[in-house]
Structures are given as structure tokens and as C-alpha cells.
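Working through the structure, step by step
Each chain, letter by letter, is given below.
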Amino acid sequence: MAIALKRLPMVSPAAERLLRRPGIEAWVSVARFWEIAIKTRLGKLDPGLP
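Residues numbered from 1 in each chain as written. Predicted model: local features only at pLDDT ≥ 70, side-chain atom pairs only at ≥ 80, totals over all residues. Heavy atoms only, no water.

1. Things to note about a nonpolar patch on the surface
Taken together, Trp34, Ile38 and Leu42 make up a surface patch of nonpolar side chains, about 350 Å² in accessible area. Note that Trp34 resides in helix α3 (residues 30–42). (Patch = residues over 30% accessible without salt bridge, like charges linked within 9 Å, V, L, I, M, F, W, Y side chains within 5 Å. Areas by Shrake-Rupley, 256 points an atom, 1.4 Å probe, with all protein chains shown as cover. Salt bridge = Lys/Arg side-chain N within 4 Å of Asp/Glu carboxyl O. Helix = DSSP H or I, 4+ residues; strand = E, 2+ residues; numbered from the N terminus.)

The following block contains the structure:
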């Protein structure tokens, strides 16, 4: 969620409200984490994490 919340300008206002709602439960496919890892390794994505 840290990546999604950091890049909120890239999502619609409705999606931002949902992501910021307290207690929201977000489900993410393991494939998304794999994709993030690959794109980060290739230099196509900066997840902004230490």
C-alpha cells in the first residue's frame, strides 16, 4: 500500500478516497509484487522505498 499511497496523483479521486479510508482492506495479487520487482530491477520503476 505504501507504493499506492505515494502515487495517489496517478489514481482517480474516488480511488484515492477508498485507499485512504480507515480500516480499508486492500487485496493485491502476488503477481503485482513480482511485476514491481521486475520493473524496479530494470530501472523502469522507483517504488520510493528504502
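2. Quick look at the confidence of the model for the chain
Low-pLDDT stretches of the model should not have their predicted coordinates read in fine detail. Confidence in the prediction of the chain, expressed as mean pLDDT, is 77, and 78% of residues score 70 or more. Taken element by element, the chain is modelled with least confidence in helix α1 (residues 2–6), mean pLDDT 56, and with most confidence in α3, mean pLDDT 89. (pLDDT = per-residue confidence, 0-100.)

3. Some points on the environment of Leu45
Structurally, Leu45 is set in the segment after α3. Look at Leu45 and you get partly exposed, because its relative accessible area is 24%. Separated by 10 residues in sequence, Leu45 and Glu35 have C-alpha atoms that sit 9.9 Å apart. (Buried < 20%, exposed > 50% of the residue type's maximum accessible area, 1.4 Å probe, protein only.)

4. What about α3?
Every α-helix winds through 3.6 residues per turn, so residues three or four apart in the chain are directed the same way. In a regular helix each residue adds 1.5 Å, so 13 residues correspond to 18 Å; α3 covers 19 Å between its end C-alpha atoms and thus fits that length. Capping the start of α3, Ser29 holds a side-chain oxygen 3.1 Å from the backbone nitrogen of Ala31, two or three residues further along. With its phi angle positive at about 80°, Gly43 sits one or two positions after the end of α3. (Expected span 1.5 Å × (residues − 1). Polar contact = N/O pair within 3.5 Å; in protein donor to acceptor, adjacent residues only side chain to side chain.)

5. A few points about the pattern of salt bridges
For the structure on display, the rule yields two salt bridges. Ionic pairing is found between Glu35 and Arg32, a salt bridge with its closest N-O pair at 2.3 Å. With Glu35 and Arg32 both in helix α3 and three residues apart, this pair spans about one turn of that helix. Since its relative accessible area comes to 47%, Arg32 is described here as partly exposed. Here Glu35 ties to Lys39 by a salt bridge, and the two come within 3.3 Å at their closest N and O atoms. Pair noted here: Glu35 and Lys39 are both in helix α3, with a separation of four residues, about one helical turn. By sharing partners, the salt bridges in this structure join Arg32, Glu35 and Lys39 into a single network.

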